[in-house]
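Take a look at the letters that make up each chain.
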Amino acid sequence: MILFTSGGLLALLALSIPVGIVLFLLAFGIDFFFSPFPLMRGLGQIVWSSSNSATLIAIPFFVLLGELLVRSGVAKRTYSALEAWVSWLPGGLIHANIATATLFSATSGSSVATAATVASVATPQADKLGYDPKLFSGAIAAGGTLGIMIPPSINLIVYGFLTETSIPQLFLAGLVPGLLLALLFMVVTVIFCAVKPSLGGPGISATWERRIKGLVDLIPLLGLFAIVVGSIYAGWATPTEAAAVGVAMAFAIAGVQRAITRQMIVESLKGTVRTTAMIMLVVIGAYVLNFVLTAAGVSRALQDFLQGLGWGPLATLLVIIMIYIVLGFFIETLSLMVATIPIVVPVIEQLGYDKLWFGILMIILVEMALITPPVGLNLYVVQGVRRSGPFTDVMIGVIPYALAMLAMVGFLILFPQIALFLPTNL
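Description of the structure in this document. (Residues numbered from 1 in each chain as written. Predicted model: local features only at pLDDT ≥ 70, side-chain atom pairs only at ≥ 80, totals over all residues. Heavy atoms only, no water.)

Before going further, it helps to spend a moment on the overall build of the protein chain. When helices and strands are counted, the protein chain shows 21 helices and zero strands. By sequence separation, contacts in the protein chain at least 24 residues apart represent 80% of the contacts at least 6 residues apart. Entry remark: accessible area of the protein chain is about 17500 Å², with carbon and sulfur atoms responsible for 70%. (Helix = DSSP H or I, 4+ residues; strand = E, 2+ residues; numbered from the N terminus. Contact = heavy atoms within 4.5 Å. Areas by Shrake-Rupley, 256 points an atom, 1.4 Å probe, with all protein chains shown as cover.)

On to the packing of aromatic side chains. Applying the stated criterion across every chain yields a total of three aromatic pairs. Measuring from centroid to centroid gives 5.5 Å for Phe185 and Tyr401, while their planes differ by 90 degrees, and the two rings are edge-to-face. One end of the pair, Phe185, is in helix 10 (residues 167–195); the other, Tyr401, is in helix 20 (residues 399–414), and 216 residues separate them in sequence. When sorted by exposure, Phe185 lands in the same class as Tyr401, which is buried. (Phe/Tyr/Trp six-rings, centres within 6.5 Å; stacked < 30°, edge-to-face > 60°. Buried < 20%, exposed > 50% of the residue type's maximum accessible area, 1.4 Å probe, protein only.)

Bringing the environment of Ser80 into the picture now. Structurally, Ser80 can be placed in helix 5 (residues 74–86). Overall, the relative accessible area of 34% leaves Ser80 in the partly exposed class. For the pair Ser80 and Arg211, spaced 131 residues apart in sequence, the C-alpha to C-alpha distance is 9.6 Å.

A separate point is the packing of helix 5 against helix 7 (residues 111–129). Packing of helix 5 against helix 7 brings their axes to within 9 Å, and their N-to-C directions diverge by 55 degrees. Regarding the angle of helix 5 to helix 7, the classification is oblique. Our pair here, helix 5 against helix 7, has a crossing hand that is right-handed. In this structure, helix 5 uses Ala75, Lys76 and Tyr79 to contact helix 7, whose residues at the interface are Thr117, Val121, Ala122 and Gln125. (Axes fitted to C-alpha atoms, helices over the stretch in contact; angles between N-to-C directions. Parallel < 35°, antiparallel > 145°, perpendicular 65-115°, else oblique. Left-handed = near helix turned anticlockwise from the far one by under 90°.)

Attention shifts here to the packing of helix 15 (residues 313–328) against helix 17 (residues 355–369). The N-to-C vectors of helix 15 and helix 17 enclose an angle of 30 degrees; their axes lie 8 Å apart at closest approach. As far as their axial angle goes, helix 17 and helix 15 are roughly parallel. As for how helix 15 packs across helix 17, the hand of that crossing is right-handed. Across the interface between the two elements, Leu317, Ile320, Ile321, Tyr324, Ile325 and Gly328 of helix 15 pack against Trp357, Phe358, Leu361, Met362, Leu365, Val366 and Ala369 of helix 17.

Residues other than glycine predominantly adopt negative phi, and peptide bonds predominantly adopt the trans conformation. Phi at Glu164 takes a positive value of approximately 55 degrees, unusual for a residue other than glycine. Relative to the assigned elements, Glu164 resides in the loop between helix 9 (154–163) and helix 10. The class for Glu164 is exposed, based on a relative accessible area of 69%.

With that settled, consider helix 15. Between the first and last C-alpha of helix 15 there are 22 Å, a value that for 16 residues agrees with the 22 Å anticipated at 1.5 Å per step. Considered for burial, the residues of helix 15 that qualify are Thr316, Leu317, Ile320, Ile321, Tyr324, Ile325, Leu327 and Gly328. (Expected span 1.5 Å × (residues − 1).)

All right, on to the environment of Thr78 then. Following the sequence through the fold, Thr78 ends up in helix 5. The class of Thr78 is buried, set by a relative accessible area of 0%. When the C-alpha atoms of Thr78 and Ile219 are compared, they prove to be 9.1 Å apart, with 141 residues separating the residues in sequence. With near-sequence residues (within four places) excluded, Thr78 lies in contact with Thr100, Leu103, Asp217, Leu218 and Leu221.

Turning next to the pattern of salt bridges. Under the counting rule described, the total for this entry stands at one salt bridge. A salt bridge links Lys134 to Asp393; its shortest N-O distance comes to 3.8 Å. Here Lys134, found in helix 8 (residues 133–144), pairs with Asp393, found in helix 19 (residues 391–397); they are 259 residues apart in sequence, far enough to count as distant. Overall, the relative accessible area of 8% leaves Asp393 in the buried class. (Salt bridge = Lys/Arg side-chain N within 4 Å of Asp/Glu carboxyl O.)

In this section: a nonpolar patch on the surface. Among the surface-exposed residues, Val176, Leu180, Leu183, Val187, Ile191, Phe192 and Val195 lie close enough to one another that they form a single nonpolar patch of about 580 Å² accessible area. Within the secondary structure, Val187 sits in helix 10. For Val187, a relative accessible area of 39% corresponds to the partly exposed category. (Patch = residues over 30% accessible without salt bridge, like charges linked within 9 Å, V, L, I, M, F, W, Y side chains within 5 Å.)

Another point: the side chain of Thr240. Mapped onto the secondary structure, Thr240 falls in helix 12 (residues 239–256). Taking the relative accessible area as the measure of exposure, Thr240 reaches 14% and is therefore buried. When neighbours within four sequence positions are excluded, Thr240 is seen to be in contact with Ala54, Thr55, Ile57, Ala58 and Phe61.

With respect to the helices and strands, Gln383 occurs in helix 18 (residues 377–386). In contact with Gln383, not counting residues within four places along its chain, are Ser388, Gly389, Pro390, Phe391 and Val394.

The structure is reproduced here in structure tokens:
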């Protein structure tokens with residue numbers, strides 16, 4: 001069953017079949033060949049119970065929130081304000097890329113949207129000032145991955161739903177690792193640009209007057225983050241309710257900045273429908289596959305197989321991490337998560353690891369899938385915005401930041417409290 005499941009998954013994805021359909025086909029195949037009774041007779045009930053959840057309503061709200069912010073021009077003002085504060089460091093505007101991606105991630109919940117937004121704002125500056133295209137574009141692609149780590153995160157909502165883990169707790173757990181990862185990106189930039197200053201372009205200084213005035217442009221995103229995420233942490237609102245409030249605030253921000261047009265609203269709604277439909281098909285397919293895997297005993301068979309190898313928990317965890325890294329070269333982020341959660345998370349719990357902690361570790365691993373070819377979406381997004389230079393520039397540029405992600409994985413294994421401190425103490 002294990003070979004059928006893993007082999008079937010890879011084979012169907014290699015045929016470019018949409019991942020939501022792949023999950024359903026795997027469930028049908030396991031039911032037909034391995035189940036002693038017809039599990040698919042309960043398909044209607046499974047689909048209804050998995051989709052009839054107030055938690056999932058948060059997904060289209062957060063997607064719409066990101067769409068509105070992307071199309072309202074908030075990012076350009078945010079970039080200019082942060083540039084004045086961080087561009088004096090070795091690396092100059094590269095730090096503005098990372099800082100803007102970090103702040104935008106705290107409201108958009110989408111890595112691709114974050115990377116596209118920062119790239120569209122920053123790329124003209126890089127061309128004008130003569131920055132090294134490799135490191136500059138690599139920082140944008142890597143910074144965009146923070147969109148699925150720093151709350152609110154759509155991927156964390158999906159993980160929490162599929163594993164029955166508290167979403168507010170996941171948001172708390174992802175906050176410190178997300179900020180630390182952003183800091184690691186900046187440290188990597190400083191090191192590379194200090195060793196070879198030509199990578200960072202000319203240093204940019206700003207007066208304190210400009211810095212202070214620029215803080216006004218940060219208020220919309222910081223206020224939005226404080227209200228949306230703060231209301232969840234304080235227990236005043238569920239993630240769904242907070243997301244709805246966030247959408248209302250995003251409309252208000254766009255209105256104040258006179259960015260609301262009929263075309264802007266239509267494009268935002270179209271983007272929300274496309275993204276939400278894709279996510280929901282994948283989530284429901286994963287729920288069906290999870291049910292079939294459990295009922296047919298695949299999860300138990302995998303646990304027995306790993307235990308039979310006689311490896312300790314750490315060795316098994318390292319093997320799982322390697323599998324995620326390899327799969328990340330070929331499978332898109334959300335698809336990688338939902339296809340593996342039903343199989344891997346029960347094993348992780350059997351090994352004695354906290355599934356809340358593992359959720360954050362998994363997010364970092366699937367973040368790497370966004371910047372590793374040939375499927376790394378952020379690479380293509382950044383290259384599409386650049387519209388010049390070879391694609392290999394972006395691929396080479398993300399290597400230092402991918403290594404920083406691996407270092408973060410090591411830190412989480414050595415110091416689990418990086419992720420668990422806030423959920424445990426708040």
